Amino acid sequence: CWSFIILKSFKLVTLSIFLFGGRHVFSDKRYGTVIFETIGGQSKCPHEDGTLAIQDPSIEFASFPPQNVMYNEDIVFQMKLANVGVRASGFRVSTNQALNTDGLAIEFNGGPLIDAIKYDTIEVNQEIIATFTISRGPLLYRYKPLDFQLYGVCSRKIEVTSVDLWNVMDENTGERYLQFLQPCPRVEWAGAIRRQHGFLVNTKTTVPDKVLVTVHNPNFSERSFAENLVTTPNCTDCRLEDVKMYYRELGAIQWKTALTDTGEKLDFANPSVADETPYGYASLHWGVGGLKDAYYEVMVTSQCDDPGTPDDFNSISTNVLMGVIDMTPPKQFGSALPLSEYILIGEPIVITFTEPIHCEKPYTFDLNVKVDGVEQTFSRDWNLLIVCEDRRLEFTIDPTFVDATQLLGKTFSVVVGTDYDVPVDMRGELTDKNGNVLKPNIEFSKEFANLDLSDATATFTLTIGAECSESTTDAMLNLIKSRLRNELNYAVDPDRISVSSASCINGNSITATAFITPPSQNRRRELSLTTPEHNSLLAFYIIRDSVRAQYNDNDGNTYAPVFGGLKIKPGQNDVRRLDKEDQIQRERENESPRMYYEEKEPKSSLYSDSTTNMHSFTKEIQTKDKGGIQESTLEVAESVVKDKTKCYTQNIEDLKRAMIAEHDEVKRIMIAERNESTQLRYIVTFLIGMIAGGAFVANRQR
C-alpha cells in the first residue's frame, strides 16, 4: 500500500509528497505517525480522496429480462463488467447469499454462484459480458431483488460497485421484485376413477345415483387448494378461483359443470364442500341420478384469475376420461332363428339381442341344451359350437363326435343366461358390454327334424397334414378324396364320396369340404352288388372311426386328420314335408314367412334354408330337363322360380343365377359319373369275359 511506503521515513515522505502532491504533513497525536493530505497522484486499497483510482469497478446492464417469465423458465441478466481505473487490476464478483432466504438458484456464466468469483486481471476500459441466471425457488413466485456486486481484490471488501437485479415493478408502490408467472395449481385424477381410467354406472352399482370422484393436489406440500384461493388474506401470489369438474355426453361440444348429489357445484377448492386431506386428496360425490344412459367424457379444471396472460395460462385441466351410465340390461330381440319348429342336425340357432353383448372368450354365460331321452346336457363346455358376435349369439350341437341318430325327431330345450342348478361361484352370466345382466333367462324349445337318412346327404370338413400350395388345387382335391376312400374299407361305395373347396393352410395342411351322397342317388354297378348300402351319416361315422383307430388321440400325432362341421342335408321328400309343416306352423302362429339370418359361411353351405330351397328348385329343373335340354336352362329356372314366388321373398334374378350355376354343376357331375360308370362297365365286362374264357379253356383242357 502506498501509505505504508510513505510513512517509513521522512525521506520517503518527501517522495510521497512528490508522488501524491502532498502539501501538508502532520503527526498523529496518539500513535505519533505521519499524517498528510493527498492532493494528487494514484491510489488503491483504499482509494484516497484527491488521487486517481488505480482500480475502479463498473457494472451496467447489457440486456434486461422480460417482465413475463414462465414459472419453469429462468430470469436471465446480461451484465457488462468493466475497469474504469487507471491501471489493470483484479476483481471479484459475488452476491449476498445471506439474503437469499427463499431458495433462488443463482448461476454466473453457467456455474453456481456460491462464493465470490475472481477475475485476476481486467484491463483499463476493458468490458466483459457476463450472464447472470436466476431460477425459481421451491415455493414462491415473487422474490426481493438480488444485490450483485463487483469489487477490487484487496485484503478487505472495499471499493464495491453493486446493482439490484429485478424484472417487475409494482406500478402503485414502486417496489421492485424478481417475479415468475404463477400457473394455476395443477390437479390430477386419483382413486378408483384413475385406476379404472373412467367410471361405470350399471344395474350392479350399489348406489347408482352418484359417482365418487377423487382428485389429488400435487403441490399439497406448498399449499392446499383452499389456501391458494385468490380470496386468501395476505396472499399476494394466490390466483386460484375454483377446481371444478365438467362433463359432456360423448360427441357433444359444450361442457357442463358437474353437481354434487346435494345439488352444489363440484368444486374441490371450496372448503365448505370439499375437505382436502394432509396428503392432498379430495373426494366428492357426483350426482348422476338425473343423467340419461349414455357415454360421457369428464375432466377437472383449476381456474385462476386473469393477470393479463393468455387464457390457456389461466387454467389447467386433467386428461379427459370416458365413463358410461347404462342402466338397461340386454333383452332378446324377436324370436330365435330359424322360426321353424323343426331344426336340422348341424343347423345353427341364432338369438339376436337389443344391444351388443359381452362376447370375449372364454365365454362367461351359461348355454345349456337338453335333449329328451339323452342323459348328457349339451353346454358351452361339451359339444356345443358357439359363435358370439356383437348382438348375435349363434350355436349348434356338434354332431361330429355325437351319435346324431339319437337326436333325430327329439324335442330339445334351450336355456341361455345363468344356470341356477350349479353352485353360485360356478354360475355364468350373459351381460351387455357394460356388465348389465340378462334377466330373466331366455328359454325355448324346438325339435330336431326326423329325417329319412336313406335319402340324406352328409357334408363335413376334413383337414390333413400335407405339403401344399394354392396353385395345386386339383392335386389337393384328389389327395383328400383318396384318403377318404382309403378309409372306407369297402364298407361304402367309393363313388358316393365327393370333395370340393380345398384350400392350403400355411403350406403344411389341406382343408376341404367332403360330401357323402345317399345310396339311392347312385347308379348301381355290377361290381357293387355286394357293397353294403349304409346311409350317409353311418358312412361318415365309419370313416371317422377308421381314422380314430389309426391315429390314437393319445399319441398326439400332429398330422392326424381332423373332422368337423358335420351337417345333414335332407332329401327332397323331407324338404317338401318340412316346408309344408313350416307353412302350417306359420299360419297357426300368424308369423311371417321363414326368414333366415345372413350367412357367415360361404353361400355354398348346405344348411341355410335358402340353399336347401335352391336345391329343391334344382331337383325340379332336373326333372323337367331329363333326357336332354328341351328348353333353355334360363327358361326352366324362370318357370320354377315363378311357381315358388308366393312362398319365398328372395330376389328372383339372384335365385335364377344361383340355380343356373347349381344346375350346370349338377349336370357336369352327372356327365362325369356317366363317363366313369361307362368306363367301369367296359372294364367289368372285359373282366367277366376273361374269367368266362378262362373257365371255358380250363374245361376243355380237362
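J.: Run through the packing of aromatic side chains, naming residues and quoting values.
T.: Within the structure shown, the criterion is met by 18 aromatic pairs. The ring of Tyr 141 has Arg 136 lying over it, and the distance from NZ or CZ to the ring centre is 4.1 Å. A cation over an aromatic ring shows up here: Arg 391 above the ring of Phe 333, its NZ or CZ 5.6 Å from the ring centre.

J.: I'd like a description of the side chain of Gln 182, backed by residues and values.
T.: For Gln 182, the location among the structural elements is in the loop between strand S16 (176-179) and strand S17 (188-190). With near-sequence residues (within four places) excluded, Gln 182 lies in contact with Tyr 141, Arg 223, Asn 228, Asp 237, Cys 238, Arg 239 and Phe 313.

J.: Describe in detail the sheet that holds strand S28 (residues 366-371), supporting the description with residues and values.
T.: If you trace the five strands from one edge of the open sheet to the other, you get S26-S33-S32-S28-S29, paired in mixed fashion. Only two strands of the sheet have a single partner each, and these edge strands are strand S26 (342-343) and strand S29 (378-379). Inspection of the sheet shows strand S32 (residues 411-417) paired to strand S33 (residues 442-448) by six bridges, in the antiparallel sense. Among the inter-strand pairings, Phe 412 is bridged to a residue of S33, identified as Lys 446.

J.: Tell me about the state of the cysteines, residues and numbers included.
T.: Within the structure shown, the criterion is met by four disulfides. Cys 235 shares a disulfide with Cys 238; S-S distance 1.7 Å. Judged by the sign of its S-S torsion, about 80°, the cystine formed by Cys 235 and Cys 238 is right-handed. Residue Cys 235 shares its accessibility class with Cys 238, and that shared class is buried.

J.: Explain empty space enclosed by the protein residue by residue, including any values.
T.: Applying the stated criterion to the full structure yields six cavities of 30 Å³ or more. It is strand S31 (residues 392-397) that contributes the most residues to the lining of the second largest cavity, three residues altogether. Each residue belonging to the lining of the second largest cavity can be placed in one class, and the counts come to eight nonpolar, two polar and one charged.

J.: Account for the pattern of salt bridges, with residues named and values stated.
T.: In this structure the tally under the stated criterion is 15 salt bridges. Residue Lys 204 pairs with Glu 429 through a salt bridge whose shortest N-O separation is 2.9 Å. A residue pair is termed long-range when its members are at least 10 positions apart, and Lys 204 in the loop between strand S18 (198-201) and strand S19 (210-216) and Glu 429 in the loop between S32 and S33 qualify at 225 residues. Here Asp 381 and Arg 380 are joined by a salt bridge, their closest N and O atoms 3.9 Å apart.

J.: Tell me about the sheet that holds strand S35 (residues 497-505), and please be specific about residues and values.
T.: Here four strands make up an open sheet; going across it, the order is S35-S36-S34-S37 and the pairing antiparallel. Across the chains shown, the open sheet's two edge strands, defined by having one partner strand only, are S35 and strand S37 (562-569). Each adjacent strand pair in this sheet contributes to an overall mean axis angle of 15°, direction not counted. Where strand S34 (residues 457-465) meets S37, six bridges bridge the pair, whose relative direction is antiparallel. Within the sheet, the bridge partner assigned to Ala 458 lies in S37 and is Ile 568. Across the face of the sheet, helix H5 (residues 536-550) comes into contact with S34, S35, strand S36 (509-516) and S37 while running at roughly 175° to S37.

What counts as what
- Residues numbered from 1 in each chain as written.
- Predicted model: local features only at pLDDT ≥ 70, side-chain atom pairs only at ≥ 80, totals over all residues.
- Heavy atoms only, no water.
- Phe/Tyr/Trp six-rings, centres within 6.5 Å; stacked < 30°, edge-to-face > 60°.
- Lys NZ or Arg CZ within 6 Å of the ring centre and 35° of its normal.
- Helix = DSSP H or I, 4+ residues; strand = E, 2+ residues; numbered from the N terminus.
- Contact = heavy atoms within 4.5 Å.
- Pairing = 2+ DSSP bridges.
- Disulfide = S-S within 2.5 Å.
- Buried < 20%, exposed > 50% of the residue type's maximum accessible area, 1.4 Å probe, protein only.
- 1 Å grid on protein atoms, 1.4 Å probe; cavity = no way out; pocket = protein on both sides within 12 Å on 5 of 7 lines; lining within 4 Å.
- Points joined across faces, edges and corners; volume = space filled by probe spheres on them.
- Nonpolar A, V, L, I, M, F, W, Y, C, P; charged D, E, K, R; others polar.
- Salt bridge = Lys/Arg side-chain N within 4 Å of Asp/Glu carboxyl O.
- Axes fitted to C-alpha atoms, helices over the stretch in contact; angles between N-to-C directions.

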